Amino acid sequence: MTIGIYQYRCNDTNETYYGSSMNIGNRKKKHECNKDNDTCSTMIIERGNFTFTILETFDNISRLELRKCEQSYIDNDEMCINKATAYSMSSLYWKKEKK
């Protein structure tokens, strides 16, 4: 089981999609087998010319810290097509208030 940050890059357009998971292998299968998933990775995968890369791995990290790390990739890549944020202070506040 690999914990970390991964990227899908379209080799035609250079668009990127970032994700994080506590089990990258399983998450990759879900992206590539489930064409009905609601992530932007589908746009890249359906083109059929993409590269999947594990960018960082961790031995021990909380989901919150993992999301913060993913968000830094999203924020610093002009070609990123992620529509949802991985981490924001407002979403963290909302989750606390919802409980």
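Residues numbered from 1 in each chain as written. Predicted model: local features only at pLDDT ≥ 70, side-chain atom pairs only at ≥ 80, totals over all residues. Heavy atoms only, no water.

**Structural notes on the environment of Y73**
Next up, step 1: Here Y73 shows up in helix α3 (residues 63–75).
Next up, step 2: In this structure Y73 comes out as partly exposed when scored by relative accessible area, which is 22%.
Next up, step 3: Sequence separation between Y73 and G19 is 54 residues; the distance between their C-alpha atoms is 9.2 Å.
Next up, step 4: Excluding residues within four positions of it along the chain, Y73 makes contact with I5, Y18, L55 and E56. (Helix = DSSP H or I, 4+ residues; strand = E, 2+ residues; numbered from the N terminus. Buried < 20%, exposed > 50% of the residue type's maximum accessible area, 1.4 Å probe, protein only. Contact = heavy atoms within 4.5 Å.)

**Side note on the environment of Y87**
Next up, step 1: In this fold, Y87 is placed in the loop between α3 and α4 (89–98).
Next up, step 2: Counting along the chain gives 18 residues from Y87 to C69, while the straight-line C-alpha distance between them is 8.6 Å.

**Examining the sheet that holds strand β1 (residues 3–10)**
Next up, step 1: Taken in spatial order, the 3 strands make up an open sheet running β2-β1-β3, and their pairing is antiparallel. Only two strands of the sheet have a single partner each, and these edge strands are β2 (16–21) and β3 (50–58). Pairs of neighbouring strands in the sheet enclose a mean axial angle of 20 degrees, with direction left out of account.
Next up, step 2: In the packing of helix α1 (residues 24–33) onto the sheet, contacts are made with β1, β2 and β3, and the angle to β1 comes to roughly 30 degrees.
Next up, step 3: On the sheet, α3 packs against β1, β2 and β3 and is oriented at approximately 170 degrees with respect to β2. (Pairing = 2+ DSSP bridges. Axes fitted to C-alpha atoms, helices over the stretch in contact; angles between N-to-C directions.)

**Let's talk about the layout of surface pockets**
Next up, step 1: Its volume calculated, the largest pocket comes out at about 440 Å³.
Next up, step 2: Taken together, 21 residues make up the lining of the largest pocket; nearest its centre are Y17, T39, R67, E70 and A84.
Next up, step 3: Listing elements by their share of the lining of the largest pocket, those giving two or more residues are β2 and α3.
Next up, step 4: Tallied by class, residues from the lining of the largest pocket come to 9 nonpolar, 6 polar and 6 charged. (1 Å grid on protein atoms, 1.4 Å probe; cavity = no way out; pocket = protein on both sides within 12 Å on 5 of 7 lines; lining within 4 Å. Points joined across faces, edges and corners; volume = space filled by probe spheres on them. Nonpolar A, V, L, I, M, F, W, Y, C, P; charged D, E, K, R; others polar.)

**Structural notes on the nonpolar core**
Generally speaking, nonpolar side chains in soluble globular proteins are found buried as a group.
Next up, step 1: Counting 9 residues, the largest nonpolar core consists of Y6, Y8, C10, Y17, I24, C40, I44, I45 and I81.
Next up, step 2: Here this core gets 3 residues from one element, more than from any other, and that element is β1.
Next up, step 3: Within the second largest apolar cluster, 5 residues are counted, among which are I3, I61, L66 and C69. (Core = buried A, V, L, I, M, F, W, Y, C linked by side-chain atoms within 4.5 Å.)

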